[in-house]
Amino acid sequence: MLDAAILIALYFAFFFVLGTFLHNNSIVDIGWGLGFVVVAAYVMLTTQPTSTAMCAVALLVAIWGLRLFYHLLRRNLVKPEDFRYANWRKEWGKWVIPRAFFQVYMLQALFMYVVALPITLTGQASGSCASSAPLFVSGVVVWITGFLFEAVGDSQLRRFVAQPANRGQLMTSGLWRYTRHPNYFGEALIWWGLFLVSLSGGASWLGLVSPVVITYLLRFVSGVPMLERSMSRKPGWESYAQRTSIFVPWFPKEGN
């Protein structure tokens, strides 16, 4: 898996150069989904023989990663640097370039390497005779569920934000009625599904680290907490937060 680590490091080094040239380190977010597609393509092309599980993992990662790349590219390409990276730029001052390299780009590279374990481990196991149809089907079903939550949630939010009358308002309808973060929940579910598919092809249980890490990051570190700070400044937040599940979808509480 050393070759995958080198590939990921070089990939984010390229985005570091691009982000430094554009004076916009939030470019790294656009490269997140596409990076997994690059890793999956590399592993599949260098794996002989190629198992059904490896083909499935590569295909599912490509569908998810390319959609996410296009979604973020269309949303963020013409926008100024995201407030998080802009704040760090001010805090880091003259050290912004080396600190951005290690604390933004290489840190993302480390996370990608860990989250991509179902991909690399499936490649390692492609020569194995191990195969489990129930695990495979279960993984695909979980992946599809997660993909729908992420894609539909993003689509619903995009249409909501596009309406001038909704400026500064909370999105509380559609999937957002059942969870405050359907897209983050969906992304976590996608990696649980990919882990099951990898396991069906004989991959190591070490791949469990991937969905655990991405779920933890989304729920407690870089996803939900940061977005909730922004959402909490909008009117109606307290009522919405009281009646709506924070992550795992559930029926809204009545009477709030």
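In the block above lies the structure referred to throughout.
I will try to describe carefully the structure that is included in this document. (Residues numbered from 1 in each chain as written. Predicted model: local features only at pLDDT ≥ 70, side-chain atom pairs only at ≥ 80, totals over all residues. Heavy atoms only, no water.)

## Structural notes on a nonpolar patch on the surface
Taken together, the side chains of Trp-192, Trp-205, Leu-208 and Val-212 make up a nonpolar region of the molecular surface, amounting to roughly 390 Å² of accessible area. Here Trp-205 shows up in the loop between α8 (182-200) and α9 (209-221). (Patch = residues over 30% accessible without salt bridge, like charges linked within 9 Å, V, L, I, M, F, W, Y side chains within 5 Å. Areas by Shrake-Rupley, 256 points an atom, 1.4 Å probe, with all protein chains shown as cover. Salt bridge = Lys/Arg side-chain N within 4 Å of Asp/Glu carboxyl O. Helix = DSSP H or I, 4+ residues; strand = E, 2+ residues; numbered from the N terminus.)

## As for the nonpolar core
Membership of the largest hydrophobic core comes to 49 residues, with the highest contact counts inside it found for Phe-12, Phe-36, Trp-64, Tyr-105, Ile-119 and Trp-191. Only α1 (2-22), α2 (27-45), α3 (52-76), α4 (83-92), α5 (96-115), α7 (133-162), α8 and α9 provide two or more residues apiece to this core. With near-sequence residues (within four places) excluded, Phe-36 lies in contact with Val-61, Trp-64, Met-112, Val-115, Ala-116, Ile-119 and Trp-191. (Core = buried A, V, L, I, M, F, W, Y, C linked by side-chain atoms within 4.5 Å. Buried < 20%, exposed > 50% of the residue type's maximum accessible area, 1.4 Å probe, protein only. Contact = heavy atoms within 4.5 Å.)

## Details of unusual backbone geometry
The linkage connecting Gln-48 with the following residue, Pro-49, adopts the cis geometry, with an omega of -5 degrees. Looking at the secondary structure, you find Pro-49 in the loop between α2 and α3. For His-23, which is not glycine, the phi dihedral falls at a positive 60 degrees. With respect to the helices and strands, His-23 occurs in the loop between α1 and α2.

## What to know about the packing of helix α6 (residues 117-124) against α8
Between α6 and α8, whose axes approach to 9 Å, the crossing angle comes to 10 degrees. Classified by the interaxial angle, the pair formed by α6 and α8 is roughly parallel. Side by side, α6 and α8 meet where Pro-118, Ile-119 and Thr-122 of the first sit next to Trp-191, Leu-194, Phe-195 and Ser-198 of the second. Of the residues in the contact of α6 with α8, the class split is five nonpolar, two polar and no charged. (Axes fitted to C-alpha atoms, helices over the stretch in contact; angles between N-to-C directions. Parallel < 35°, antiparallel > 145°, perpendicular 65-115°, else oblique. Nonpolar A, V, L, I, M, F, W, Y, C, P; charged D, E, K, R; others polar.)

Purely geometric stuff here, so don't read any function into it on its own.
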